[in-house]
Amino acid sequence: MKKNEYMDELREMSGIDEEEIDGKSPYEDTDSGENMDSNEGFTLEGSLQYRIKIRVKDMQGFVLRHSYGSIAGWFGVLISIAAIVMVIAGWNKYGNMERIVLCILGTLFTIVQPIQLLIKAKRQVTSQDVFKEPITYNFCKEGVVISQNNESGHFLWEDVCKIVNTSKAVYIYTSPVRAIIFPKDQLGDVNKFMDFISIYYKEKCGY
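Criteria and thresholds
Residue indices follow the written sequence of each chain, beginning from 1 at its first position. The model is predicted, so local features are restricted to residues of pLDDT at least 70 and side-chain atom pairs to those at 80 or more, both for listing and for counting; the totals for chains, interfaces and linings are taken over all residues. Neither water nor hydrogens contribute to the side-chain values; these are computed over all heavy atoms in the structure. A patch is a set of surface residues, each over 30% in relative accessible area and not in a salt bridge, joined within 9 Å for like charges and within 5 Å for the nonpolar side chains Val, Leu, Ile, Met, Phe, Trp and Tyr. For every accessible area listed, the method is Shrake-Rupley and the probe measures 1.4 Å; residues are considered covered only by the protein chains on display. Throughout this description, the term salt bridge denotes a Lys or Arg side-chain nitrogen within 4 Å of a carboxyl oxygen of Asp or Glu. Per the convention used, a helix needs a DSSP run of H or I reaching at least four residues, while a strand needs a run of E reaching at least two, with both numbered from the N terminus. Burial classification: accessible surface area is computed with a 1.4 Å probe over protein chains only, and a residue below 20% of its type maximum counts as buried, one above 50% as exposed, and the rest as partly exposed. To estimate how far a helix should reach, multiply one less than its number of residues by 1.5 Å. In this analysis, two residues are considered to be in contact whenever any of their non-hydrogen atoms come within 4.5 Å of each other. Here, axes are lines fitted to C-alpha atoms. For helices the fit covers the stretch in contact, and angles between N-to-C directions go from 0 to 180 degrees. Angle categories: roughly parallel below 35 degrees, roughly antiparallel above 145, roughly perpendicular from 65 to 115, and oblique for all the rest. Here is the rule for handedness: rotate from the far helix to the near one, and if that takes an anticlockwise turn smaller than a right angle the crossing is left-handed, while a clockwise turn gives right-handed. Residues are grouped as follows: Ala, Val, Leu, Ile, Met, Phe, Trp, Tyr, Cys and Pro are nonpolar; Asp, Glu, Lys and Arg are charged; all remaining types, including Gly, are polar.

Focus on a nonpolar patch on the surface
A contiguous nonpolar surface patch, about 660 Å² in accessible area, is contributed by Met97, Val101, Leu105, Leu108, Ile111, Val112, Ile115 and Ile119. Structurally, Met97 can be placed in helix H4 (residues 96-127). Looking at Met97, the relative accessible area reads 58%, which means it is exposed.

What to know about helix H2 (residues 56-68)
Residues spaced three or four apart along an α-helix point in a common direction, a consequence of the helix completing one turn every 3.6 residues. Over its 13 residues, H2 runs 18 Å from end to end, which matches the ideal 18 Å to within 8%, given 1.5 Å per residue. Burial in H2 covers these residues: Asp58, Met59, Gln60, Phe62, Val63, His66, Ser67 and Tyr68. Contact partners of the buried residues in H2: helix H3 (71-89), H4, strand S6 (169-175) and strand S7 (178-183).

As for the packing of H2 against H4
Contact geometry of H2 with H4 gives a least axis separation of 9 Å together with a crossing angle of 140 degrees. Here H2 is positioned oblique relative to H4, judged by the angle of their axes. Handedness of the H2/H4 crossing: right-handed. Residues Val56, Met59, Gln60, Val63, Leu64, Ser67 and Tyr68 of H2 form the contact with H4, whose own contacting residues are Phe109, Gln113, Pro114, Leu117, Leu118, Ala121, Lys122, Val125 and Thr126. For the contact of H2 with H4, a count of residues per class yields eleven nonpolar, four polar and one charged.

Laid out in structure tokens, this is it:
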């Protein structure tokens, strides 16, 4: 497998359905994607190395947070809550058809969509070969070198648009809809991890 083919496989590690995000894979190349085919110029001496295995719960946590952490996600929840309030408060005012429509809206973003997202996340992790073994990440001053078995690739700190630190994981976004998941229970000293990546991220991005 060539390096660019390996990175294509890694880019599928998202849990977000490509059709739901403007047809884009969360691991598509950034504008500097031509750099993904070679790890030359990366200083691995003194780098931090982590072996990460993405589990179903890790992917599910990311997908739910990504979907419901946006304005659009919260707007959908508000629509469902409003529909539930309407059907409860005005049950006797509506006919059967109106009640059915309101019940559907009430469960759409609070029950149906979350279940669909959880199922998709589980299917993605269990069906893709890249999740069957841990992936090694070497964090260095230039960026992050990614390797698994005999395949490798990388991304630069300049490719990172934001880093999100949650209670369960750290998400490194290379675009608004693409992120690499780092479960905290696999990072060991989380503060050391955050301090290291924050220094180079801020240095390279001018923050």
